[in-house]
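Residue-level listing of the chains:
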Amino acid sequence: MTTATDSPVRTDDTPFALSHLDALEAESVHIFREVAGEFERPVILFSGGKDSIVMLHLALKAFAPAPVPFALLHVDTGHNFPEVIAYRDRVAAEHNLRLHVASVQDFIDRGVLRERPDGTRNPLQTVPLLDAIEKGRFDAVFGGGRRDEEKARAKERVFSLRDEFGAWDPRRQRPELWSLYNGRHAVGEHVRVFPLSNWTELDVWQYIEREGIELPEIYYAHERDVFARNGMWLTAGEWGGPKDTEPVERRLIRYRTVGDMSCTGAVDSDATTIEAVIAEIAASRLTERGATRADDKLSEAAMEDRKREGYF
């Protein structure tokens, strides 16, 4: 595997210019190193989804040949895709990284949280996340959010200050001119850090192709039992779907994003290779969250409301 310090050999006097992927990689690597220098206890949110996988790959590059100086943290809803959880555990073990798992089910069992009538647990992740940040005394939390995903995320800075309750206030966003990042925070506050802020979904997939990064198989076309709800194909499971009026079908589908099974929809696709996935994304006119995440359709400001409460 190449490292972020590798550079091409110059054989002529052609002016040197980074490709757009090289420029994005260099920016992300710089952000990881900046956080390592500014904060005492950073942690990487790692779900086994493609964005967190790319984020970990960049962290490995940033500190190679030394190990990544951060632990991993996952908020497990209990309704995650088994393929993704298996990938998460394998990668953490492969790189000898400590994995903290905050379980939504534990909070439900203790009576701190209550199941929603619709069965989705994505909105229930905030309390376990904030609890894990407080107990771990994490002062910087890396997230894989990108500005192209959703309009509330488009407002984020790379360094996003959160108050002592984990809440996000857009009025407290700091300017980041010339890629200068301000990590100053009071006791009890922390900073969410987004190294992939300026990446697009297409950039992520092109980078995965270039770097030969392995992903969970559900990102590629496969046959699966699904049912239709709210214009999306959802996977049947213990979370409560399908209803009697929602027949299950065997379809050729893939996932553009992964999360809680109760609100993450699949898309019809025959893209079994990374080249086919890239071509499919390049032709799409819907963002991945707009096309496949029911929790973002609860209201026009669903994501922003959750961010104000302490969500990712």
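Per an unreviewed UniProt entry, the chain carries the name Sulfate adenylyltransferase subunit 2 and comes from Streptomyces rubellomurinus. Annotation of the chain in UniProt includes, under Sequence similarities (unreviewed entry), the sentence "Belongs to the PAPS reductase family. CysD subfamily."

What follows deals with the nonpolar core. By size, the foremost hydrophobic cluster in this structure holds 62 residues, and its most contacted members are F32, I44, V54, F159 and W205. Here this core takes nine residues from helix 2 (residues 50-63), the largest share from any one element. Composition of this core by domain shows at least three residues from each of domain 1 (20-204 + 302-308) and domain 2 (218-297). V54 has contacts with L196, W199, V204, Y207, I208 and I213, leaving out every residue within four places of it along the chain. L73, L124, A132 and V141 belong to the second-largest nonpolar core, a separate cluster that totals 16 residues.

Next up on the list: the pairing of strand 6 (residues 190-193). Burial of strand 6 is two-sided: the residues H190 and R192 facing one way and the residues V191 and V193 facing the other way are all buried. Of the pairings in the sheet, the one linking strand 4 (residues 140-142) to strand 6 comprises three bridges and is parallel in character. Pairing of F142 across the sheet is with V193, part of strand 6. One ladder, built from four bridges, connects strand 5 (residues 159-162) with strand 6; its direction is antiparallel. In the strand pairing of strand 6, S160 is matched with R192.

Before going further, it helps to spend a moment on the environment of D203. Here D203 shows up in helix 6 (residues 201-211). It is 7.1 Å that separates the C-alpha atoms of D203 and L21, two residues lying 182 residues apart in sequence. Residues in contact with D203, not counting those within four places in the same chain, are H20, L21, L24 and N198. Within the structure, D203 has its side chain in polar contact with the side chain of H20 (distance 3.3 Å).

Here the bond from A64 into P65 is cis, since omega is 5 degrees, no more than 30 degrees from zero. In this structure, P65 sits in the loop between helix 2 and strand 2 (71-76). Of note in the backbone geometry, S179 takes a positive phi value of approximately 55 degrees without being a glycine. Along the chain, S179 falls in the loop between strand 5 and strand 6. What makes S179 partly exposed here is its relative accessible area of 36%. Located in the positive-phi region is N230, a residue other than glycine, with phi close to 55 degrees.

Definitions and cut-offs
- Residues numbered from 1 in each chain as written.
- Predicted model: local features only at pLDDT ≥ 70, side-chain atom pairs only at ≥ 80, totals over all residues.
- Heavy atoms only, no water.
- UniProt positions renumbered as here; feature names shortened; annotations may be inferred.
- Core = buried A, V, L, I, M, F, W, Y, C linked by side-chain atoms within 4.5 Å.
- Buried < 20%, exposed > 50% of the residue type's maximum accessible area, 1.4 Å probe, protein only.
- Helix = DSSP H or I, 4+ residues; strand = E, 2+ residues; numbered from the N terminus.
- Domains from an automatic or database assignment.
- Contact = heavy atoms within 4.5 Å.
- Pairing = 2+ DSSP bridges.
- Polar contact = N/O pair within 3.5 Å; in protein donor to acceptor, adjacent residues only side chain to side chain.

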